[in-house]
Amino acid sequence: MATQASPQYCYNSVKWIPVLFILAIVAWSYYAYVVQMCIFTVDSIPQKVIYLCIYHLLLVLFLWSYYCTMFRPAARPTSEFYLSKTEGEQIAATQTSEERRAALLRFARQSNLPLLTRHFDGSIRYCFVCQCIKPDRAHHCSTCEKCVLRYDHHCPWTNSCVSYGNYKSFILFLGWALLFCTYVSVTSLEYFIQFWQSTINAQKTGDSSAITARQFHLLFLFFVAVMFGISVSSLFFYHLFLTGKNRTTLESYRAPIFESGPEKDGFDLGWKRNYQEIFGINLLKAFIPIPTTRGDGIHYQINSSLLSDASQTAFNSIPTFNRSNNQFNSVNNDHNYLLIDNLTTQEK
């Protein structure tokens, strides 16, 4: 038993190497900025205080977001989406795609599952590994070996699935990391130039004693801050773009398939509502990594202007919806629940 667990333990340990690398860089940069630059290099005491206060504020927000991205549990499909062992064996035993499609449709109707998206062949999306019917925008992560709601991608730098549960904290992690790196590079630029010039002069005169360890710390501090700032900025602005379009990384490469066909902007509700879906409506809470993402990760509104047939179906047949009893619409009327929030808002 121990022999079988050993390779898995080693594999799980290796996955933490990128995280440890980032934490090591942050720990060294803390020493270089706080000790070597602010304490030993900056002469003005008010300047030291201002630099240190802003630095620690950005560092706390950055590490807080990073921690939440790593350790906030990934939301998984609820129990009604999982098939029993017998039902899973029945799906696995189907001989043709038509039989499997009919069986999955039957199970989805029996459980009254709200489903908008389909497999590329038009069938209900199903995970053979987890033996569950996939909710809209959910996918199986091969690294985590489980299905995850609103799956975006698996990030090796956080050793976690970026998905419904931690997508907000992931974007904040990128944003605060970019701001943190920008602040460090801007405030250290003056001393980087000074020590770079002194290093060049020392090399010309051959006086190696003029080059100190402090100079190397500040030289590398600036280079590392700029390098990480550039690499993080591309990811940050890309995910801001995806959020504005209400897409995941996976959906940007492979459009979700609705009953009417593939539609990359099927979940696009307009940039304002798209951002509110992730960050909430409270502006202050939007910038700190606390849960404000709206919805439950299973039910999503659609772009009615693009998917007009689905919207018309919903208007023609609006079912009874009971949130307290967790009664959702069946797969026959799987567009109808999208109108509930809109109708409730209009009534208020």
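- An unreviewed UniProt entry annotates the protein as Palmitoyltransferase of Adineta ricciae.
- Of the protein, the UniProt comment under Catalytic activity (unreviewed entry) reads exactly: "L-cysteinyl-[protein] + hexadecanoyl-CoA = S-hexadecanoyl-L-cysteinyl-[protein] + CoA".
- Quoted straight from UniProt, the Sequence similarities (unreviewed entry) entry for the protein says "Belongs to the DHHC palmitoyltransferase family."

### Focus: the UniProt feature "transmembrane region" (unreviewed entry) in the protein
Line of reasoning, step 1. Per the UniProt entry, the sites bearing "transmembrane region" (unreviewed entry) are residues 16-42, 49-67, 170-193 and 218-241 in this numbering.
Line of reasoning, step 2. Helix makes up 85% of residues 16-42 and strand 0%, whereas the separation of the span's terminal C-alpha atoms amounts to 36 Å.
Line of reasoning, step 3. In this annotation, residues 49-67 is assigned 100% helix and 0% strand; the end-to-end C-alpha distance for the span is 27 Å.

### Topic: the pattern of salt bridges
Line of reasoning, step 1. All chains considered together, the criterion is met by 5 salt bridges.
Line of reasoning, step 2. We note a salt bridge from arginine 101 to glutamate 98, for which the minimum N-O separation is 3.9 Å. Of this pair, arginine 101 and glutamate 98 both sit in helix H5 (residues 97-110), 3 residues apart, which is roughly one turn of that helix.
Line of reasoning, step 3. Glutamate 98 gets classed as partly exposed once you look at its relative accessible area, which sits at 49%.
Line of reasoning, step 4. Salt bridges sharing common partners tie together Arg137, Glu251 and Glu277.

### Focus: the nonpolar core
Line of reasoning, step 1. Grouped together as the largest cluster of nonpolar side chains are 42 residues, with contacts concentrated most on Tyr33, Met37, Tyr51, Tyr55, Phe62 and Val184.
Line of reasoning, step 2. Counting residues per element, this core draws most heavily on helix H6 (residues 167-205), at 14 residues.
Line of reasoning, step 3. For tyrosine 33, the residues in contact, after removing those within four places along its chain, are Cys38, Tyr51, Tyr55, Tyr183, Val184, Thr187 and Leu221.
Line of reasoning, step 4. Leu83, Phe267, Ile298 and Leu307 belong to the second-largest nonpolar core, a separate cluster that totals 22 residues.

The rules behind these values
Residues numbered from 1 in each chain as written. Predicted model: local features only at pLDDT ≥ 70, side-chain atom pairs only at ≥ 80, totals over all residues. Heavy atoms only, no water. UniProt positions renumbered as here; feature names shortened; annotations may be inferred. Helix = DSSP H or I, 4+ residues; strand = E, 2+ residues; numbered from the N terminus. Salt bridge = Lys/Arg side-chain N within 4 Å of Asp/Glu carboxyl O. Buried < 20%, exposed > 50% of the residue type's maximum accessible area, 1.4 Å probe, protein only. Core = buried A, V, L, I, M, F, W, Y, C linked by side-chain atoms within 4.5 Å. Contact = heavy atoms within 4.5 Å.

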